[in-house]
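# Analysis of the macromolecular model
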Amino acid sequence: MPDRQRPIRILLVEDNPGDVRLTIEAFKDNRVDTPLDVARDGVEALAYLRQEGIHAGEPLPGLILLDLNLPRMDGGEVLAAIKADPALQHIPVVVLTTSRAEQDVQRAYLLQAACFITKPVDFECFIQAVKLIDAFWLSVVTLPCGARG
Amino acid sequence: MSAKPGPHLASPSAPPDTAGGARSTRGADPRFDQILASANDAIISIDESQRITLFNRGAERIFGYAAGDIIGRPLDLLIPERFVARHGTQVRDFSTASEASRMMAQRGEIYGRRQDGSEFPAEASISKFRGPEGLVFTVILRDITERRAAERILRDTHDELERRVRERTAELEERNAQLQQEIQERRRAEKLLAEQARELARSNADLEQFASVASHDLQEPLRMVASYTQLLGRRYRSRLDGDADEFMGFIVDGALRMQRLINDLLAFSRVGSRGKGFQPVDLAACVAQVRVNLRSAIEESGAQIEAAALPVVCADATQMEQLLQNLIGNAIKFRQGPAPRVHIDARREDAAWRIGVQDDGIGIDPRYAERIFVIFQRLHTAAEYPGTGIGLAICKKIVERHGGHIEVHSTPGEGARFSFTLPDREEPPHA
């Protein structure tokens with residue numbers, strides 16, 4: 001990976017421990033050392049982003065990887081809440097989900113997701129996808145100032 | 001009745017032609033004789049003993065008697081025998097009645113009797129006055145044979161008309177009853193149809209639900225199985241033996257195939273549930289788009305895709321493209337050698353277009369001509385030709401959604417011709 005001067009954090013919102021671990025492993029396989037925080041559901045994700053309770057003082061992430069199938073508050077609702085919050089709406093949200101359903105894709109973009117990625121079943125492809133996310137969002141793209149940790 | 005001819009009233013010796021058959025002693029006013037002679041009706045006078053004393057020319061014409069032959073004879077001669085008695089009673093009754101005249105035939109029709117014995121219906125009035133010789137009765141009578149005939153025709157016509165009206169009414173009532181029954185049947189059918197439509201909507205909703213479940217929930221565990229097996233392989237490659245690698249390969253392959261099947265099943269189910277409305281679609285444009293979509297396959301194989309003039313049809317544009325893409329894609333996929341040729345044509349067939357896709361590929365054993373359209377039915381191993389066997393099932397479902405029919409004709413080794421029909425349809429009423 002190219003050198004990175006900016007310490008950008010990623011928030012992964014994902015309830016399935018298998019997926020969390022897989023994403024971490026994929027980052028590890030790509031030798032990406034971006035700090036990765038994990039929220040297990042939508043409510044926790046918003047608490048984290050709003051620096052409430054135990055999350056007080058946490059820096060804002062530069063990128064959010066959001067699953068859609070979440071307990072308590074689904075990904076769409078989290079996305080809508082983020083985009084409605086002036087303090088958070090500038091953060092790009094990459095929807096990373098198992099779904100390839102057209103209505104999910106439509107809804108995500110309507111709610112201003114930065115992009116929609118269907119998790120490949122094939123792990124090699126998943127690693128490739130993570131590599132691309134990292135390369136594009138954390139290297140190619142210039143993120144807004146507020147997104148820096 | 002006493003026979004008592006009034007000598008002042010009739011004189012049989014007078015020449016019958018001078019006064020038109022009337023015999024009168026009143027020569028004073030010649031008009032009187034002329035009226036009698038020219039009258040069209042029979043004017044007959046009788047005396048109290050009902051003997052004829054006056055018989056005008058009209059009477060001669062109607063009854064056939066010459067006045068000279070009948071004057072002085074009883075009136076009964078002019079009446080059919082069966083009415084004679086009644087007539088006599090009526091005349092006597094009239095003679096004592098207060099009125100001076102009355103219509104005859106007040107109790108039924110009256111009939112006259114001609115000299116030749118034949119009868120005719122008549123209409124008559126009778127009047128009386130007291131003369132010097134006693135009562136004089138005068139009958140004015142008209143032969144109404146023709147009127148009766150006309151009346152009968154009228155009555156018959158009227159009856160016939162009524163009969164026809166009754167018949168027609170009965171027919172109409174029957175037809176009406178039939179119509180009512182048909183309407184009821186149609187209503188029942190409509191109700192049934194509406195129920196089926198609701199049922200279908202429910203089942204479509206269920207399918208949507210299934211699609212959503214399949215899309216998320218079924219794939220999640222598959223992805224776990226495949227991904228972690230692969231991760232295992234990556235991390236522990238050097239520490240596991242060849243068998244382990246092979247086994248892991250099968251696990252991953254199974255999971256990936258399962259995922260493709262799920263996605264194909266989803267695509268299949270969406271032909272019906274996600275189909276769009278029908279609108280004019282240029283099939284030539286569809287083929288052009290398919291060329292773009294299949295560019296790599298076309299370039300790789302060196303395929304020649306030729307299309308004859310293709311029509312604009314009323315259809316779901318996305319599905320037409322998918323249909324042609326599946327058929328053309330198959331034609332390229334199941335080629336015999338390099339540079340396969342694919343020809344698309346269209347021809348009219350009663351109220352429908354028949355679109356054909358002809359290739360020069362490996363062909364299909366006619367035994368399997370039906371089976372290849374069944375979902376997940378394959379004729380080749382995945383190693384020979386990859387695929388889940390969904391393409392033609394989707395084609396069939398698309399064609400059937402458009403009310404058409406798809407079939408294949410082929411001789412193995414000489415290519416195959418897939419063709420489908422698209423029945424003509426009006427442009428859709430847009431909701």
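Residues numbered from 1 in each chain as written. Chains lettered and ligands numbered in written order. Predicted model: local features only at pLDDT ≥ 70, side-chain atom pairs only at ≥ 80, totals over all residues. Heavy atoms only, no water.

A few words now on the side chain of T229(B). With respect to the helices, strands and loops of the structure, T229(B) is situated in helix α5 (residues 145-236). Residue T229(B) is classed as buried on the basis of its relative accessible area, which comes to 10%. (Helix = DSSP H or I, 4+ residues; strand = E, 2+ residues; numbered from the N terminus. Buried < 20%, exposed > 50% of the residue type's maximum accessible area, 1.4 Å probe, protein only.)

Here is a general trend for soluble globular proteins: nonpolar side chains tend to be buried in one another's company. All names here are of chain B. Residues L283, M320, L324, L327, I328, F418 and F420 are the most contacted members of the largest nonpolar core, which totals 41 residues. Mapped onto this core, the elements with two or more residues apiece are α7 (283-293), β9 (312-315), α9 (317-333), β10 (341-349), β11 (352-359), α10 (391-401), β12 (406-410) and β13 (416-423). Element by element, the count of residues in this core is highest for α9, at 7 residues. Apart from residues no more than four positions distant in its own chain, L324 is found in contact with L283, C286, V287, V290, G329, V357 and F420. With 30 residues, the next largest nonpolar core counts L75, I110, F120 and A122 among its residues. (Core = buried A, V, L, I, M, F, W, Y, C linked by side-chain atoms within 4.5 Å. Contact = heavy atoms within 4.5 Å.)

Time to look at a nonpolar patch on the surface. All names here are of chain B. Residues F210, V213, L218 and L265 make up a contiguous nonpolar surface patch of about 280 Å² in total accessible area. With 3 residues, the single largest contributor to the nonpolar patch is α5. By the element assignment, F210 lies in helix α5. Here F210 falls in the partly exposed class, since its relative accessible area comes to 34%. (Patch = residues over 30% accessible without salt bridge, like charges linked within 9 Å, V, L, I, M, F, W, Y side chains within 5 Å. Areas by Shrake-Rupley, 256 points an atom, 1.4 Å probe, with all protein chains shown as cover. Salt bridge = Lys/Arg side-chain N within 4 Å of Asp/Glu carboxyl O.)

The next point concerns unusual backbone geometry. Not every positive phi belongs to a glycine, and Q51(A) is a case in point at roughly 55°. Positionally, Q51(A) belongs in the loop between α2 (42-49) and β3 (63-66).

Turning our attention to the sheet that holds strand β8 (residues 304-307) of chain B. Two pairing modes exist for strands in a sheet, parallel and antiparallel, and in both the strands are linked by backbone hydrogen bonds. All names here are of chain B. Reading across the sheet, the 5 strands line up as β8-β10-β11-β13-β12 and stay open at both edges, with mixed pairing between neighbours. Single-partner strands in this sheet number two, and they are β8 and β12. Within this sheet the neighbouring strands show an average axis-to-axis angle of 20°, counted without direction. Both β8 and β10 contribute to a ladder of 4 bridges, which runs parallel. The residue of β10 that forms the bridge with E306 is H343. Contacts from α7 reach β8, β10, β11 and β13 within the one sheet, and its direction differs from that of β8 by about 170°. (Pairing = 2+ DSSP bridges. Axes fitted to C-alpha atoms, helices over the stretch in contact; angles between N-to-C directions.)

For the rest of this paragraph, the subject is α10(B). All names here are of chain B. Along α10, the positions that sit buried rather than exposed are L392, A393, I394, C395, I398 and V399. Looking at the buried side of α10, the elements it contacts are α6 (242-273), α9, β12 and β13. G403 sits one or two positions beyond α10 and adopts a positive phi of about 80°.

Moving on, we get to the side chain of S49(B). Residue and element names in this part refer to chain B. Within the secondary structure layout, S49 lies in the loop between β1 (42-46) and β2 (52-55). Given the relative accessible area of 4%, S49 is considered buried. Engagement of the side chain of S49 in a polar contact is seen with the side chain of D47, the distance being 2.8 Å. (Polar contact = N/O pair within 3.5 Å; in protein donor to acceptor, adjacent residues only side chain to side chain.)

All names here are of chain A. Taken in spatial order, the 5 strands of this open sheet run β2-β1-β3-β4-β5, and their pairing is parallel. Strands at the two margins of the open sheet, each flanked by one partner only, are β2 (36-39) and β5 (115-118). Along the sheet, successive strands turn relative to each other by an average axial angle of 20°, direction set aside. The pairing of β3 with strand β4 (residues 93-97) spans 3 bridges and is classified as parallel. Bridging across to β4, I64 finds its partner in V93. With respect to the sheet, helix α5 (residues 123-140) is in contact with β1 (10-13), β3, β4 and β5, its orientation differing from that of β3 by roughly 150°.

In this section: the interface of chain B and chain A. Tallying the contact residues gives 21 residues for chain B and 25 residues for chain A. Around 2,000 Å² of area is buried between chain B and chain A when both sides are counted, 45% of it from carbon and sulfur atoms. Counting across the chain B and chain A interface gives 5 salt bridges. Here R234(B) ties to E124(A) by a salt bridge, and the two come within 2.6 Å at their closest N and O atoms. Linking chain B with chain A are 12 residue pairs in polar contact (both at pLDDT 80 or more). (Buried area = accessible area lost by both parts, 1.4 Å probe.)

What is shown is where atoms sit, not what they do.
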